Amino acid sequence: MATFVINTDISTETSTIEVTIDPNKPMAVGRHRFRLVVVDDSGNLSKADEVEVIVADQSAPTAVLNAPPTVAVGASFKLDGSKSFDVGGGQVVKYVWTYLGQP
Ligand SMILES: [Ca+2]
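On a predicted model such as this, the values are computed, not experimentally measured, just so you know.

So, on to the overall build of the protein. Counting its regular elements, the protein contains 0 helices and 2 strands. Expected size for 103 residues packed as a compact globule is a radius of gyration near 13 Å; at 25 Å, the protein overshoots this value by more than 25%. The 103 residues of the protein split such that 0% are buried. Excluding contacts between residues fewer than 6 apart, the proportion of contacts in the protein whose partners are at least 24 apart in sequence is 26%.

The following block contains the structure:
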């Protein structure tokens with residue numbers, strides 16, 4: 001377990017490390033780079049190896065549709081999807097509306 005800070009080295013004698021993420025401060029969606037340099041028992045340093053980890057929003061949003069329960073014949077009315085929301089680091093950016101006819 002380790003809390004990584006940008007450009008701050010963490011040294012271990014173990015060959016793996018957990019990148020500990022505070023759920024209240026998640027890594028931003030997108031690419032994140034990590035670097036490893038290893039040192040042998042004579043003190044020789046390796047060249048750096050780097051990888052990219054993609055943090056992705058993998059959670060579907062939730063649609064919430066509100067409408068007036070009753071409208072007058074011939075009157076226009078509004079459908080409201082503003083209570084829809086997303087989790088997983090994303091946001092709702094598109095609303096797809098469909099009239100399904102009479103049940
Ligand atoms: Ca999402």
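Moving on, there is more to tell.
On to the pairing of strand β1 (residues 30-36). In terms of residue burial, β1 counts as a barely covered element, since only 0 of its 7 residues are buried. Across 7 bridges, the pairing between β1 and strand β2 (residues 49-55) is antiparallel. Counted as the bridge partner of Leu36 is Asp49 from β2.

Along its sequence, the protein is carved into domain 1 (1-56) and domain 2 (58-103). Measuring from the centre of the C-alpha atoms in domain 1 to the corresponding centre in domain 2 gives 42 Å.

Right, let's get into the environment of Tyr99. Summarising the element assignment, Tyr99 is placed in the segment after β2. Separated by 22 residues in the primary sequence, Tyr99 and Phe77 have C-alpha atoms spaced 13 Å apart.

A word on unusual backbone geometry. Although it is not a glycine, Asn7 sits at a positive phi angle of roughly 65°. With respect to the helices and strands, the residue Asn7 is situated in the segment before β1.

Criteria and thresholds
- Residues numbered from 1 in each chain as written.
- Predicted model: local features only at pLDDT ≥ 70, side-chain atom pairs only at ≥ 80, totals over all residues.
- Helix = DSSP H or I, 4+ residues; strand = E, 2+ residues; numbered from the N terminus.
- Rg over C-alpha atoms; globule rule 2.2 N^0.38 Å.
- Buried ≥ 20, exposed ≤ 12 C-beta atoms within 10 Å, placed from the backbone.
- Contact = placed C-beta atoms within 7 Å.
- Pairing = 2+ DSSP bridges.
- Domains from an automatic or database assignment.

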